[in-house]
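# Working through the structure, step by step
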Amino acid sequence: MPPRQGRQAARVAAGILLSRLTGLVRQRVFARYLGLSDAADVVAQAFRIPNLLQNLFGEGVLSASFIPVYARLLGDGKEEDANRVAGAVAGLLGLVVSAVVVLGIATTPLVVTVLAPGFAGAKRELTITLVRILFPATGLLVFSAWCLGVLNSHRRFFLSYVAPVVWNAAIITAVLVDRRTTVERMAVIIAWGAVAGSLLQVLVQLPTVRLLVKGLRVTLGRGSAEVATVVRNFWPALIGRGVNQISAYVDGIIATLLGTGAAMGVANAATLYTLPASIFGMSISAAELPEMSSATGTETERHAVLRSRLESGLHRIAFFIVPCAVAFVVLGQVIAGAIFQSGRFTAADSRYVWGILAGSAIGLLASTSSRLSSSTFYALGDTRTPLRYAVIRVTLTTVLGYL
């Protein structure tokens, strides 16, 4: 592995590790003060619902559409054109996301009915309250993903991936300040902490982004061929990302029908099994995408570079992910107990999370490797092939999950 390639992946991994560790602390705080209660289920599902917006418009879609175009312009020395593209993408995102956030707040009861059909009475009303609070926060996190796209294209990996630390810290602080309140009031406090954290996450990245994108002007990019390319690639990537999200949301919908504790149990298990996927899979994929996108030469030469990077990256992912998957299956109860078992979270809850974690570990290598494979297609400007495979994957997982 080239030294530069290793350093870039290491920076991503370091940033992700810090953010995921604070995420584990956040989930432990939730477990201690909420356990697997109705309020805990509400927090888990309320965070899941508006996060769909972040996942659709955020890092995944921007990685497929914005970063390849922006990084290629930087690689060709066209810094002024790259800055115009960055400003136009910021403007278009602001327009679309603002409309979606307003619509989401207005239709929150309908959204909750669709994505949390098992919640009724006070549990449903609390979910509606939290989702309405969280929708603006999610809009802010989309702009954090835009900052990530700019920073990654300039190989400033650490800051973009360590920024979520302040989001987690704001939520943890909000809980600890008023930890003696009722679990229902604490759920609302958690939501407002997430709003504050979302704003802080954007603010810690903006100064560096402004230095990198000199003379940033937010526009709609009319008449720009490069912006047209971003928009053209955006919609297939948006659909593909949306399809990939369906399986996770099907899990959440089913969990709301399974009684108290199921939604938060799924969320706790997801926090654990996404940790190695994020540290090793995301770090390698994020570091490779701008390198793949800025590769120059003939088509044959570019393809040779991409094949070499893909093969090397898949080997590195497997080296780390396989032992993690085995550990989740064999030692899942010990891991869940060590991290979450405190206060309201009992030994029986640890066994419950272990069952979910062991099942998720089976597909951990495949799902982690697919991120790098998708990045390779994105570097080639192909957002449709990952979409086709995403449709197949989600169809299978939805049917099996239902059964």
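In short, a report on the structure. (Residues numbered from 1 in each chain as written. Predicted model: local features only at pLDDT ≥ 70, side-chain atom pairs only at ≥ 80, totals over all residues. Heavy atoms only, no water.)

Running from N to C, helix α6 (residues 122-153) and helix α9 (residues 183-212) point in directions that differ by 15 degrees, and their axes come no closer than 8 Å. When the axes of α6 and α9 are compared, the pair comes out roughly parallel. Our pair here, α6 against α9, has a crossing hand that is left-handed. Along the lines of polarity and charge, the residues of the contact of α6 with α9 split into 23 nonpolar, five polar and one charged. (Axes fitted to C-alpha atoms, helices over the stretch in contact; angles between N-to-C directions. Helix = DSSP H or I, 4+ residues; strand = E, 2+ residues; numbered from the N terminus. Parallel < 35°, antiparallel > 145°, perpendicular 65-115°, else oblique. Left-handed = near helix turned anticlockwise from the far one by under 90°. Nonpolar A, V, L, I, M, F, W, Y, C, P; charged D, E, K, R; others polar.)

In this fold, D349 is placed in helix α13 (residues 347-361). We note that D349 is buried and unpaired, the nearest opposite charge coming from R351 at a distance of 8.4 Å. Excluding residues that lie within four positions of it along the chain, D349 makes contacts with L36 and R344. (Buried < 20%, exposed > 50% of the residue type's maximum accessible area, 1.4 Å probe, protein only. Lys, Arg positive; Asp, Glu negative; His and termini not counted. Salt bridge = Lys/Arg side-chain N within 4 Å of Asp/Glu carboxyl O. Contact = heavy atoms within 4.5 Å.)

Let's shift gears to helix α11 (residues 262-293). By the largest-angle criterion, S278 marks the main kink of α11, which is about 35 degrees. Summarising burial for α11: 28 of the 32 residues are buried, a large majority. (Bend = angle between axes of the 7 residues up to and from the residue.)

This part is about unusual backbone geometry. A positive phi is found at R155, a non-glycine position, where the angle reads about 65 degrees. The residue R155 is located in the loop between α6 and α7 (157-162) in this model. By relative accessible area, which is 19% here, R155 ends up buried.

Taken as a whole and judged by the stated rule, the model has one cavity of 30 Å³ or more. Estimates place the volume of the largest cavity at around 40 Å³. Around the largest cavity, the lining is made up of ten residues, and of these F47, N51, L134, T138 and W167 lie nearest the centre. Elements represented by at least two residues in the lining of the largest cavity include exactly α2 (38-57), α6 and α9. Take the lining of the largest cavity: its biggest share by element is four residues, from α6. Tallied by class, residues from the lining of the largest cavity come to seven nonpolar, three polar and no charged. (1 Å grid on protein atoms, 1.4 Å probe; cavity = no way out; pocket = protein on both sides within 12 Å on 5 of 7 lines; lining within 4 Å. Points joined across faces, edges and corners; volume = space filled by probe spheres on them.)

What follows concerns helix α12 (residues 299-340). The terminal C-alpha atoms of α12, which comprises 42 residues, lie only 51 Å apart, well short of the 62 Å expected from a rise of 1.5 Å per residue. Its maximal kink placed at L331, α12 deviates by approximately 90 degrees. (Expected span 1.5 Å × (residues − 1).)

Taken by themselves, the reported measurements are silent on function.
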